[in-house]
Amino acid sequence: MGEEFFERLLLRTSKDTVVVFAGNLLSVLILALSAIIVARFLGPEGYGVYSVSLVVSSIVMIFSDFGVDAALVKFVSKFRALNRDDLVKAVVVKSLTVKILLSAFLTVLNFILARELSNYLIGRPELADYVRLTSPLILGQVLMNTSLATFIALGLSVRRASTQVAQAALKLALSPTLIILGLGVLGALVGHVLSYFVVGIASALFVVKYVGSIKKHLSNDLIGVNELFRYGLPLFISGFIGTLLSRYQYVLLALNAGDVEIGNVQAATQFATLLSLTTTPFSITLFPMFSSLSVETHREEISKYFNAVLKYMSLFTIPLSLFMAVFSTDVVRLIYGRTYTLAPEYLTLISLGYLYAPLSTALGALIPGLGATNYVMYSSLIQALVMTPAAYALISGFGASGYALTLALAGIPPLTFMVYVVIKKVGLRVDWLCLVKVFTVSLISTIPYSALLMLHVNYVVRLALEVIAFLTTYLTLVPLIGLLELRDVELMRRSLGRLPLFGVVVNVLLDVEVKVISLRVKSRKET
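The structure presented is a predicted model; accordingly, all values stated were derived computationally and were not measured.

This paragraph deals with the side chain of Asp69. Tracing the chain through its elements places Asp69 in helix H3 (residues 68-81). The class for Asp69 is buried, based on a relative accessible area of 13%. A polar contact of 2.9 Å, which involves the side chain of Asp69, links it to the side chain of Lys99. Setting aside anything within four residues of it in sequence, one finds Asp69 in contact with Lys99, Asn145, Thr146 and Ala149.

Pairing between side chains becomes possible if they bear opposite charge and their charged atoms approach one another. Counting across every chain of the model gives seven salt bridges. Note that Arg84 and Asp86 form a salt bridge whose closest N and O atoms lie 3.0 Å from each other. A relative accessible area of 32% places Arg84 in the partly exposed class. Looking at Asp86, the relative accessible area reads 30%, which means it is partly exposed. One continuous salt-bridge network, built from bridges that share partners, spans Asp65, Asp69 and Lys99.

Next up on the list: empty space enclosed by the protein. A complete count under the given rule lists one cavity of 30 Å³ or more for this structure. A volume near 40 Å³ is recorded for the largest cavity. What lines the largest cavity is Arg12, Asp16, Ile152, Thr285, Pro288 and Met289. Taken together, the elements giving at least two residues each to the lining of the largest cavity come down to helix H1 (3-53) and helix H12 (280-291). Element by element, the count of residues in the lining of the largest cavity is highest for H12, at three residues. Residues belonging to the lining of the largest cavity are distributed by class as follows: three nonpolar, one polar and two charged.

A few words on the confidence of the model for the protein chain. Reading fine detail from the predicted coordinates is not recommended where pLDDT is low. Of all residues in the protein chain, 95% attain a pLDDT of 70 or more, and the chain-wide mean is 85. Within the protein chain, the lowest mean pLDDT, 71, falls on helix H9 (residues 214-218), and the highest, 93, falls on helix H17 (residues 373-409).

Turning to its location among the elements, Thr440 is positioned in helix H19 (residues 432-446). Residue classification places Thr440 among the partly exposed residues on the basis of a relative accessible area of 36%. In this structure, the C-alpha to C-alpha distance between Thr440 and Ser162, residues 278 residues apart in sequence, is 38 Å.

Bringing the nonpolar core into the picture now. Membership of the largest hydrophobic core comes to 138 residues, with the highest contact counts inside it found for Phe306 and Leu363. Looking at this core element by element, the count peaks at 14 residues for helix H13 (residues 299-326). If you count residues domain by domain, this core takes at least three from each of domain 1 (1-221) and domain 2 (432-526). Every residue in contact with Phe306, bar those within four places of it in the chain, is listed here: Phe290, Leu359, Ala362, Leu363, Leu366, Arg429 and Val430.

A word on the layout of surface pockets. If you add up the space inside the second largest pocket, you get close to 570 Å³. Lining the second largest pocket we find 25 residues, and of these Ala81, Ser291, Ser292, Leu293 and Ser294 sit closest to its centre. Looking at the lining of the second largest pocket, the elements with two or more residues in it are H1, H3 and H12. Among the elements that take part in the lining of the second largest pocket, H3 stands out by supplying five residues, more than any other. When grouped by side-chain class, the residues that make up the lining of the second largest pocket number 14 nonpolar, five polar and six charged.

Here is what the cut-offs are and how they apply
Residues numbered from 1 in each chain as written. Predicted model: local features only at pLDDT ≥ 70, side-chain atom pairs only at ≥ 80, totals over all residues. Heavy atoms only, no water. Helix = DSSP H or I, 4+ residues; strand = E, 2+ residues; numbered from the N terminus. Buried < 20%, exposed > 50% of the residue type's maximum accessible area, 1.4 Å probe, protein only. Polar contact = N/O pair within 3.5 Å; in protein donor to acceptor, adjacent residues only side chain to side chain. Contact = heavy atoms within 4.5 Å. Salt bridge = Lys/Arg side-chain N within 4 Å of Asp/Glu carboxyl O. 1 Å grid on protein atoms, 1.4 Å probe; cavity = no way out; pocket = protein on both sides within 12 Å on 5 of 7 lines; lining within 4 Å. Points joined across faces, edges and corners; volume = space filled by probe spheres on them. Nonpolar A, V, L, I, M, F, W, Y, C, P; charged D, E, K, R; others polar. pLDDT = per-residue confidence, 0-100. Core = buried A, V, L, I, M, F, W, Y, C linked by side-chain atoms within 4.5 Å. Domains from an automatic or database assignment.

Structure (structure tokens):
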């Protein structure tokens, strides 16, 4: 595995990440537009009924995976690297079969026990008919999720992105139309369910067409269903623990904060999740990449690749997190208006939790990619042991502010454990100096300009000045101290520069970075 392979790996990762990012962003925007239209058409009461009716199926769906999708990505990526097409298709067929059987059972269960589930899970037995209507959503969404996992494992990032966008677009077309036709909440639910069911079936049929003979691959004894569960079950337990911890924290919030505080912290939380758009695409594309590599034979190369991707994630996420934290007042004012007066404080606290998100994301893809899923489960157990009492103390003592701080701190215990595993158990190194440099440059690019918040001008004008000052300083310092080299610029140009419209802006910014790098190199030669 030489330098040429390393470059190809980075280029492939960057291109796939850009495609996944574009798909995620476009689908999120379409779904947000759909949600706004549905909310306006239904009104607060109708939208509340619509939202609550979807809760039961979302809870039931937790038990539809048991880590099989993650196992699919792991083994398909591994066998593709070994050119074992027979095993690749065997894994896909067996995973899809397990998921169909599980989701079909849960679909029937949700349909039959709709009244009981509505009563015990949401305390609204009168919504049983709506809950029963959402039963096909379980099968459709599971098929779609498994197909998305298959696409990314096979390197079909464009198909993955188009599948997400298709579901979002179909929902946007169906739900508002059915509401206009007079179906109200029923129409909104039918549109939502059909969008997942239709796209889920279509994407699953594409996967079936790819594998060919299902019977042949089901009978392949070289890879068994038990291996899929053995690999994936710790990841399922990890996710389940995380879900329970999240629900526990929200219950504490409901008990210790008023409606105004909860509304403000929810607004801040929803906006802060936009920061995850800078890390989630990396998480999706890195996992199959690491799954295809062997740490026993290529430890140094994996370490190099890991730190290169970590740097690129950090260059986007850390400065954006600090900008949101420092200038939260104007950001919230722009998005939510004057009424959310408490949200800036909460957004500041929550945004600080994204400062270590690049490292958490990279480790979260590396460790299961190398097959060590037990360590992921242990990290979640550590998180629960530390954050359960910590959340109680913070939220009970400080209400919504304590909840926001809890969200910011929640990832530190598992991250600490995963860093220990990677360094001591796996034997890889983390480029701490690079992370410190990115953090320092981000601080210099934001903190001094917090004085702009004192300007008595229109908040939109002030926010524009803050953005200009931040970008000018950051884009100058990053290449000036060597965080960005010509090779990095070329990689970004090849992966981002060809995108419609956005690529034009990227190329202009990269041209500026090249000039700063040239000045740095020239000054060094002169001295």
